[in-house]
Amino acid sequence: MAASKVEIAPFEVTPLDAIPAVCSTARATFASHKTKNLKWRLVQLRKLYWALDDFKASLMAALQQDLRKGGYESDFTEVDWVKNDCLHMINNLETFAKTEKLKDLPVTYSMMNFRVKKEPLGTVLIIGPYNFPIQLVLAPLVGAIGAGCTAVIKPSELTPACAMAMKEMIESRLDRDAFAVVNGGVPETNALMEEKWDKIMFTGSAQVGSIIARKAAETLTPVCLELGGRNPAFVTKKANLALAARRLMWGKVLNAGQVCMSHNYVLVDKDVAETFIDFLKIAYKDMFPNGAKASPDLSRIVNARHFNRIKKMLDETKGKIVMGGEMDESELYIEPTAVLVDSLDDPMMQEESFGPIFSIYPVDTLDQALSIANNVHRTPLALMAFGDKSETNRILDEMTSGGACINDSYFHGAVHTVPFGGVGDSGWGAYRGKASFDNFTHFRTVSETPTWMDRFLRVRYMPYDWSELRLLQRWTNKKPNFDRQGTVAKGSEYWMWYFLGLGTKGGVKGALMKWLVVVAGYYLSAYMKARRA
């Protein structure tokens, strides 16, 4: 597809004095209650799907212009990705939105029709990043539409062509009273933050995320923050080194490493470090037979500021460049680069690269690797583990992260139906798939007490009667099966249920199934004996 042939309108900043009216219209539309109608939501999602199809050339041209992102990645990780997200929401929306009956109730309250009603939060603000400027704006929008919210979208000003392409697409195809795009930089974002929102979703740096969170806290506005971190990769001597090198290389060349989940550093067993580096070089050659700079598939750094930020890390490192290292500011090109380091104070270990560079730190043991990773960043957005099952299980047990991937590079965050989010200072909340719907939904508990039940509710009215309370407690209170030391008490009741249940832990249903097997076995045995007789 000749995406570069498509003309994109010049970037146009939304006037500051127009922003309050845009937000007010979105709030008024939500207040009309029309977004609560599932049919309306489905229509908007279907329109978004076909808008993505019709504006595909424009969106891909914008990605090429802003990031020099090739057509393959633009389709695979941006446009087609969101189209599939739309279809998933469309196909499952009725199930996601269905009111749920609550079953875990005492028998005395079972007639009160307890249920959880899924309701839209209201009018939401979605602030997007520059690295995946289509996917990471429109995927949250899919969740907001599915949940029944209205939304104002603020794309990144660092990808102006994408911002303009999305504005034209959204405001020409979706309900303009419900969904709007505000373009601009810091002043426009500040103006948006002065408005009252029912939820804010921000994807970007932890530094800006903390500013968003502080401002939202002033009005007790809930936020979903998708941030980043200094993500570790672990490679033990028991790992498939060739596979680990190839998959980690992929994680640093996709979108030129401008991926919040990509590894910042690799902790590799020192006995196999040299072999691992050799395999990295082989993977590099396989992916870029004519060199990375000549590849039509490798994106560029978004702008000169970020180019110089990454260059500074390489300029100041005390480590040894063992792969790559070439840079060309005129093209915003940085070659995929690996740096062998021996100090935790090295800039390659201390700073988030968010680019196609990473450090390699040899370690003596897995104990040392885990200690280092927890010291560098205790709650990164992602971690990657390559080793045998006992090693990868230990890594999962002894280090927290937003998500984790075993024997691969951040594939846990590459599927549109799987929840994705950070933990601690790498993010709050999650989205994608059903989690996107849940992210913009209020789970409202509702009970419905029949009028005829009042005579059974005497226990709650004054003057209180202790005899009625004790009767209620006999019906509703359960007895613990443990003592004051926290030990399970295996008294007569325990053993009675154990023998009646044939040792099952599956409750009444499990016990019944076992007894059915026993009875069936008994009758089969009797039948076989009768036949032999």
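Up top you'll find the structure we're talking about.
Residues numbered from 1 in each chain as written. Predicted model: local features only at pLDDT ≥ 70, side-chain atom pairs only at ≥ 80, totals over all residues. Heavy atoms only, no water.

Draft legend 1. Region of the structure containing empty space enclosed by the protein. Across all of its chains, the model carries one cavity of 30 Å³ or more by this definition. The space that makes up the largest cavity amounts to roughly 30 Å³. Along the walls of the largest cavity sit G229, N231, K252, V259, C260, S262, N264, E352, S353 and F354, which together make up its complete lining. (1 Å grid on protein atoms, 1.4 Å probe; cavity = no way out; pocket = protein on both sides within 12 Å on 5 of 7 lines; lining within 4 Å. Points joined across faces, edges and corners; volume = space filled by probe spheres on them.)

Draft legend 2. Broad picture of the sheet that holds strand β13 (residues 337-340). Ordered in space as β10-β13-β14-β9-β8-β15-β16, the seven strands form an open sheet in which the pairing is mixed. Looking at strand neighbours, the two that pair on one side only are β10 (320-323) and β16 (403-406), the edges of this open sheet. When strand polarity is set aside, the average angle formed by the axes of neighbouring strands in this sheet is 25°. Pairing of β10 with β13 involves three bridges; the strand directions are antiparallel. Residue I321 lies in a different strand from β13, and its bridge partner there is V339. Each of β8 (231-235), β15 (382-386) and β16 touches helix α14 (residues 389-398); the most contacted strand, β15, lies at about 160° to it. (Pairing = 2+ DSSP bridges. Helix = DSSP H or I, 4+ residues; strand = E, 2+ residues; numbered from the N terminus. Axes fitted to C-alpha atoms, helices over the stretch in contact; angles between N-to-C directions. Contact = heavy atoms within 4.5 Å.)

Draft legend 3. Geometry of the sheet that holds strand β1 (residues 100-101). A sheet is described by the order of its strands in space; here three strands give the open sequence β1-β2-β20, paired in antiparallel fashion. Here the strands that pair on one side only, and so sit at the sheet edges, are β1 and β20 (441-446). By the bridge criterion, two bridges tie β1 to strand β2 (residues 115-120) in an arrangement that is antiparallel. Across the sheet, residue E100 finds its bridge partner in β2, namely V116.

Draft legend 4. Representation of the packing of aromatic side chains. Scanning the model with the defined rule gives nine aromatic pairs in all. When the ring of Y49 is compared with that of W50, the centres are 5.1 Å apart and the planes differ by 90°; the resulting orientation is edge-to-face. For Y49, a relative accessible area of 16% corresponds to the buried category. Here F96 and F437 contribute two aromatic rings whose centre-to-centre distance is 5.9 Å and whose plane-to-plane angle is 45°, an arrangement assigned as tilted. In this pair, F96 is assigned in helix α4 (residues 71-97) and F437 in helix α15 (residues 434-439), connecting sequence segments 341 residues apart. Note on accessibility: F96 and F437 belong to one class, buried. Lying across the ring of F420, R432 places its NZ or CZ 4.6 Å from the centre. (Phe/Tyr/Trp six-rings, centres within 6.5 Å; stacked < 30°, edge-to-face > 60°. Buried < 20%, exposed > 50% of the residue type's maximum accessible area, 1.4 Å probe, protein only. Lys NZ or Arg CZ within 6 Å of the ring centre and 35° of its normal.)

Draft legend 5. Inspection of the layout of surface pockets at higher detail. Size it by volume and the largest pocket reaches roughly 1,200 Å³. Around the largest pocket sit 41 residues that line it, and F202, G204, S205, A206 and V208 are the ones nearest its centre. Within the residue set of the lining of the largest pocket, elements represented by two or more residues are α7 (186-193), β6 (199-203), α8 (206-217) and α11 (304-316). Looking at the lining of the largest pocket, the element that brings in the most residues is α8, giving six residues. Its residues assigned to classes, the lining of the largest pocket comprises 16 nonpolar, 14 polar and 11 charged. (Nonpolar A, V, L, I, M, F, W, Y, C, P; charged D, E, K, R; others polar.)

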